[in-house]
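# Close look at the chain arrangement
This is what each chain is made of:
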Amino acid sequence: MSAIQLIPLHKLVQSPNNVRRTHRKADEEALAASILAHGLLQNLTVSARADGKYAVEAGGRRHNALKRLVREGKLAKNWPVPCVVIDAEAAAEASLAENIQRVEMNAMDEVEAFVALVDAGAGVDDIAQRFGASVRHVEQRLALGRLSPSLRAAYRSGQITLDVARAFCISADPEAQARVFKGLAKPITNAGLVRNALTAGRIAKTDRLALFVGLQAYEAAGGRLARDLFDATSVFLEDGEILQRLALEKAEALRAAHAEGWGWSEINLTGAQIEGCASERLHARVRQFSPAETRRLRALETKIARLEAELEALEDCDGADALWDERRALDQEREQIMQAARVFEPTEMAHAGLLVSVDRDGKAVILRGLIRRTDLKAIAKLRRAKLAASGDDQAGACGPNSGSGFSKALMRELTLARTRAIREGVAAAPHLALALLVCMLGHENVDADALCGVDIQATAHDFDDAYTLQGLKPRKPAPQTLKDCLALDAAELSRCLAMIVAQTIDLTHEGVSARDQARQRSSDTIASALALDMGAHWCADAAFWARAPRALALQILRGAKVFREEDAESKLKALAKLKKAAFAEAAAKAMSASRWLPDCLVTPDLGAPPAIALDAEAPEAETQAERA
């Protein structure tokens, strides 16, 4: 073997025979730091050249690291480099042999070497500097060094992978580590299983309550965090009681701030279903924002946009928590201003309540206007009294017992028949369609409520009446684009509008809830405007009487006076003894000439505007003008 010679660094050049072509800058930086701290621990292999210089056949990374130190002014250009000189003919083979035969250091060997340095008094920063590693890399290696000897031995024997060993570091409890290791089949290759087993019972920082409270508030209250050194996004809260207490205190503060005027208020942090509440809710009227509120909303939008830009540009996940907490605080303030502009009826508020909860993103959610089933009657009574006080003729048109006696399914069929008739009437009355459209847009602009049963959002409801409406469609094809619409005259546009609005109407209901009552009132209003005669669209046939309750049917027959007074009771008694089918046929025959209608189909006299009648005559007038 050739003796080692000390050759000045400036006489060394790269050799074309060196088989290593790829160099990583980070590796060279780390190697340079190591050489500076410990010296060159391994010589270079070189071959002599005719110009008096030496070509580096093996040790190119060390050579590059030495040159880096010269450029940085940390080594002299003529620094003596220990080298072994070989013949040029064997240069390529020597380079290949050194690179192929090289064995990377076992990760656990490095771990234990770092641990030994720390035990000897070295600091993390000092170790990182001396070996050209990052502080985080040294901390990660030291975390692996805190694993139990049995786990380190398992890594050496191949029972666990390096990723799995890192996953074990999420817990500093050796008993927990040993329990999880014992409970999994060997070899263990799934790091996720280990991490999930060791974090059971802990709360992830992405949990909705953790987001709601915020990590800063949690730590300020003495809460402990467990961080995964190998995954910066994995942070867990270890003190569930502290988190629950802080979340409840924050929710209590929100409830106290918004409970004024409501009959009751509750907190639900579990995400469980709300029990005892009806499907109906109070609807607020939205007032206009004050100038101060408008300015504040604009300022909040600007701040939120700035925070979103900062979060997108942020590379270090650890620094994002404070920004997210600030973002959530701004969102909550914006929501408070929006909610403050929603005004509820004070008398109804006393019979309703609010619920404070937290959504999956950790955002506080305040549900207002919830109604318990036991309060539905009280609210309905208040609304009837309000309608009566306002002089509205509909105040008693649909009380809580409207349609009582009919089943929900039969009530739906009755109101469906009226819906089809109303849709047909609206499709032929452009003025009414325009009035409905303006009414809906007005509600959307200044009020959270809408005209119940009319859904003007270009959403057509199908009630198998397309054939009926087909005969009322405009003579020209329906416009598809703005250009098509602009090409139509006012009359044609009006007929198109009437058709579209008619198809959005759905006034069917079951006659039970307050919402059903609102649909009935809307139905009565439109029917009155159309002067709708439901006798032309529906009759009490045998199918109806077969489904109506027997006692109610007999009461209707008695009230309609379809029998002579002297023998009415005997005939009713005879009818009551008939079987269902026979009874239905007899009742239909007896009522055939009466034109009787259930209350939900009767059109109240609310004073139809004269413009509606003119709409019906418009097509004929236009035809006469065309003939002239």
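Scroll up for the structure.
So, on to the pattern of salt bridges. Where charged atoms from two side chains of opposite charge come close, those side chains can pair. Within this structure, the stated rule accounts for 25 salt bridges. Of the charged contacts, one joins R327 and D331 as a salt bridge, the two residues approaching to 3.0 Å between their closest N and O atoms. Of the two residues, R327 and D331 are both situated in helix α15 (residues 320–340); the distance of 4 residues between them amounts to about one turn of the helix. Grouping residues by exposure puts R327 and D331 together as buried. Linking R595 and D533 is a salt bridge whose minimum nitrogen-to-oxygen distance equals 2.8 Å. Pair noted here: R595 is in the loop between α27 (580–591) and α28 (610–627) and D533 is in the loop between α23 (514–530) and α24 (542–547), with a separation of 62 residues, a long-range link. For D533, a relative accessible area of 39% puts it in the partly exposed group. Where salt bridges share partners, they join E301, E308, R327, D331 and R334 into one cluster.

Put simply, K186 and P187 share a cis peptide bond, and its omega is -5 degrees. Positive phi, normally seen in glycine, also occurs at A531, with a value near 50 degrees. In this fold, A531 is placed in the loop between α23 and α24. By relative accessible area, A531 is classed as exposed at 57%. The phi torsion at K561 lies on the positive side, around 55 degrees, for a residue other than glycine. As for its position among the elements, K561 is in the loop between α25 (550–560) and α26 (568–576). K561 sits in the exposed class, given a relative accessible area of 70%.

With that settled, the discussion passes to the packing of α25 against α26. Between α25 and α26, whose axes approach to 11 Å, the crossing angle comes to 155 degrees. Taken together, the axis directions place α25 and α26 in an arrangement best described as roughly antiparallel. The handedness of the crossing between α25 and α26 comes out as right-handed. The segment α25 lies against α26, with R550, L554, L557 and R558 engaging E569, L572, L575 and A576.

This part covers the sheet that holds strand β2 (residues 12–14). Strands sit in the order β1-β5-β3-β4-β2 across an open sheet of 5 strands; the sheet is mixed. The open sheet terminates on both sides in strands that have one partner only, identified here as β1 (4–8) and β2. Going across the sheet, the axis of each strand differs from the next one's by a mean of 55 degrees, ignoring polarity. Here β1 runs beside strand β5 (residues 80–86); their pairing, made up of 5 bridges, is antiparallel. Counterpart to L6 in the pairing with β5 is P82. Packing of helix α2 (residues 60–71) onto the sheet brings it into contact with β2, β3 (44–48), β4 (54–58) and β5, and relative to β2 it is tilted by some 120 degrees.

Within α25, the full set of buried residues consists of L552, A553, L554, I556 and L557. Those residues of α25 that are buried are in contact with α24, α26 and α27. Following α25 by one or two positions, K561 adopts a phi angle in the positive range, close to 55 degrees.

This part covers the sheet that holds strand β13 (residues 353–358). Strand order in this open sheet of 4 strands is β9-β13-β14-β10, and the pairing throughout is mixed. Each edge of the open sheet is held by one strand with a lone partner, namely β9 (264–268) and β10 (277–281). Pairs of neighbouring strands in the sheet enclose a mean axial angle of 45 degrees, with direction left out of account. Strands in contact with helix α13 (residues 240–258) are β9, β13 and β14 (364–372); relative to β9, the strand with the most contacts, it is inclined by about 160 degrees.

One pass over the structure, following the stated rule, counts 7 aromatic pairs. Ring centres 5.0 Å apart and planes at 75 degrees place the aromatic pair F544 and W545 in the edge-to-face group. As far as the burial class goes, F544 and W545 line up, both buried. When the centroid spacing of 5.9 Å and the interplanar angle of 45 degrees are considered together, the rings of F544 and W596 count as tilted. Here F544, found in helix α24, pairs with W596, found in the loop between α27 and α28; they are 52 residues apart in sequence, far enough to count as distant. Chaining the aromatic ring pairs together yields one cluster made of F406, W538, F544, W545 and W596. The ring of W264 carries the charged tip of R372 above its face, separated from the ring centre by 4.0 Å.

Rules used throughout
- Residues numbered from 1 in each chain as written.
- Predicted model: local features only at pLDDT ≥ 70, side-chain atom pairs only at ≥ 80, totals over all residues.
- Heavy atoms only, no water.
- Salt bridge = Lys/Arg side-chain N within 4 Å of Asp/Glu carboxyl O.
- Helix = DSSP H or I, 4+ residues; strand = E, 2+ residues; numbered from the N terminus.
- Buried < 20%, exposed > 50% of the residue type's maximum accessible area, 1.4 Å probe, protein only.
- Axes fitted to C-alpha atoms, helices over the stretch in contact; angles between N-to-C directions.
- Parallel < 35°, antiparallel > 145°, perpendicular 65-115°, else oblique.
- Left-handed = near helix turned anticlockwise from the far one by under 90°.
- Contact = heavy atoms within 4.5 Å.
- Pairing = 2+ DSSP bridges.
- Phe/Tyr/Trp six-rings, centres within 6.5 Å; stacked < 30°, edge-to-face > 60°.
- Lys NZ or Arg CZ within 6 Å of the ring centre and 35° of its normal.

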